[in-house]
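# Working through the structure, step by step
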Amino acid sequence: MTFVQRNHRPLIMGRRGAVGSNHPMATQAGLDVLRAGGNAVDAAVAVSLALGVCEPMMSGLGGDGFYHLHLAKTGTSVVFNGTGAAPGAATAERFKDGVAVTGALSASVPGSLAGLAAMHAAHGELPFGVLVRPAIALAHGGFAVTHKHVSTTQDNRARLAADGRSAASFLGQRLGDLCLQPDLGRTLEEIAADGAETFYRGPLAQRIAAGVAAAGGMITAGDLSSCSAEVQAPIGITYRGWTITQTGPNSTGFTMLQMLKIAERFDIAGMSAAERVHVLVEAKKLAFLDRERWGADPRYETVPLDRLLSDRYADELAGRIDMGRAAVMATPVSAAGDTTYFCVVDGEGNAVSAIQSLNGAYGSGVTAGDTGIVMNNRMAYWHVAEGHANRLVPGKRVRHTMNAPMVLKDGKLVAVLGTPGADHQVQVNLQVVTAMLDLGLDPQSALEMPRWTSSQVGQGANWPHEGDGALSIEVDHGEAVLADLAVRGHQIKPLGHLEGPCAMQAIRVLENGVRMAGSDPRRDGWAGAF
């Protein structure tokens, strides 16, 4: 056990259920569902939809998501891929000079509701309409605006001001003001009554398509009708005796697994803080080269996971790491991402590790007509270069930085964890997993450890896919660690705290059944358990 620093939040513990999300109201919605007899899937639906209301800049009905479910009774896991495809009118030739990053043309088909509905249909227990009620109440009754809400809205004033409905919904709010979204509330009531079918193939789909068309976007009723969730087996590796599972392609969760495979070749627990950061950063650089080469929709491209996650390849990559010198590894071709992560563990040991996003803050900035739905700007993730694995093709799903890991031991759940943050997600997940498994930290202590994120030239998830080659690192590491890393050749960019890529949630399950829940103090997240 390593030392435990002074935490800013207590470790939350209970035995019947635990929830961690990026907004207290969403966490409360999930806990209420668990107390009412719902399972982890039911609680995840409630949390997801509530987050779409009270964290509107991060996710919502207009976005995408991955929902990674573990079933305690069978010891099996399954992923519900709720990511939509490029619209039929979206071609690389149309965007040969660059894809749109805001506005109606930046929106792709939203898939998160399809993922949630498929997961609930297969494994939920309470009626779907009941699970929508907390989100409906938040939309009609409002929620108090937080510091983070105010600052993110101010930072994206221009994006919102370009759309009259979005501006009216979100601009001008101060700390403590109530954010009301009556149009979204009515849309949620429609979904509660008619299910996800109305969103994709019913009257609501027609209104969404009309609203997007009026704003100049590409999504049609036909695009929505063709959207459905994909049920996938998770991918995974072993790491020092634990099983780490992840969301598979078109998620780039394999990149985190690759980093762990490389890290396993080193004595992480026995290293100094600077050595540990150096090894993990270098592992990240190597894995990101493969992410750029192979990350894609597996329906269109071959992703050689057997080789990428093999012991032989991990040995080869680990052998390239120079302990005394940071390597310069530009990707073949740093972006901010505004996403939200949440996790749920119920009393039976079922768990959901979930991540959902509009991509950028407030996505495209466009509200689809009178639906109250803020549309994503996921088109910004596409590449248009010939031969790139993530090249834009109509109907293809874009490569996602979103990933939702789990940790298991002998088929039993050990931990669920995750964070938003685009390119930073797998890096922060790597740091928290190694803090918990190698250093023996509890979830809250692991989440509050100082962090870093590395940027390689050409790695940026969003168009134009840039990167500055710097190591952004929280000064809480201490001057000695930063100086050591600089001597090793890292391009140090000291920071206070990494707000954007740091909104981590984690739940650890002990052998005695206690659920230990932690939530990142760097943003508005909150953990609860009972």
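Look a little higher up for the structure.
Computed from a prediction, not measured in an experiment: that's the story for all the values here.

Of the regular secondary structure elements, the protein chain holds 18 helices and 19 strands. Over its C-alpha atoms the protein chain spans a radius of gyration of 21 Å, differing by no more than 12% from the 24 Å that the globule rule assigns to 530 residues. Expressed as lengths along the three principal axes of its C-alpha atoms, the size of the protein chain is roughly 60 × 55 × 45 Å. The buried share of the protein chain, reckoned over its 530 residues, is 65%. Carbon and sulfur atoms form 53% of the exposed surface of the protein chain, whose accessible area is close to 17,900 Å². In the protein chain, which carries 44 positive and 50 negative side-chain charges, the distance between the mean positions of the two groups comes to 1 Å.

Two packed helices can be described by the angle between their axes and the distance between those axes. Two elements in contact, helix 1 (residues 24-35) and helix 2 (residues 40-54), have axes whose closest approach is 8 Å; the angle formed by their N-to-C orientations is 155°. Judged on the interaxial angle alone, helix 2 and helix 1 are roughly antiparallel. The crossing of helix 1 and helix 2 is right-handed. Of helix 2, the residues touching helix 1 (which contributes Met 25, Ala 26, Ala 29, Gly 30, Val 33 and Leu 34) are Ala 40, Asp 42, Ala 43, Ala 46, Val 47, Ala 50, Leu 51 and Cys 54. In terms of residue class, the contact of helix 1 with helix 2 is built from twelve nonpolar, one polar and one charged.

What follows concerns the pattern of salt bridges. Per the stated rule, a full pass over the model turns up 28 salt bridges. Its salt-bridge partner being Glu 301, residue Lys 396 comes within 3.4 Å of it at the nearest N-O pair. What makes Lys 396 buried here is its relative accessible area of 1%. Three or more residues joined by partner-sharing salt bridges are found here, namely Lys 261, Glu 264, Arg 265, Asp 311 and Asp 315.

What counts, and at which threshold
- Residues numbered from 1 in each chain as written.
- Predicted model: local features only at pLDDT ≥ 70, side-chain atom pairs only at ≥ 80, totals over all residues.
- Heavy atoms only, no water.
- Helix = DSSP H or I, 4+ residues; strand = E, 2+ residues; numbered from the N terminus.
- Rg over C-alpha atoms; globule rule 2.2 N^0.38 Å.
- Buried < 20%, exposed > 50% of the residue type's maximum accessible area, 1.4 Å probe, protein only.
- Areas by Shrake-Rupley, 256 points an atom, 1.4 Å probe, with all protein chains shown as cover.
- Lys, Arg positive; Asp, Glu negative; His and termini not counted.
- Charge placed at Lys NZ, Arg CZ, Asp CG, Glu CD.
- Axes fitted to C-alpha atoms, helices over the stretch in contact; angles between N-to-C directions.
- Parallel < 35°, antiparallel > 145°, perpendicular 65-115°, else oblique.
- Left-handed = near helix turned anticlockwise from the far one by under 90°.
- Contact = heavy atoms within 4.5 Å.
- Nonpolar A, V, L, I, M, F, W, Y, C, P; charged D, E, K, R; others polar.
- Salt bridge = Lys/Arg side-chain N within 4 Å of Asp/Glu carboxyl O.

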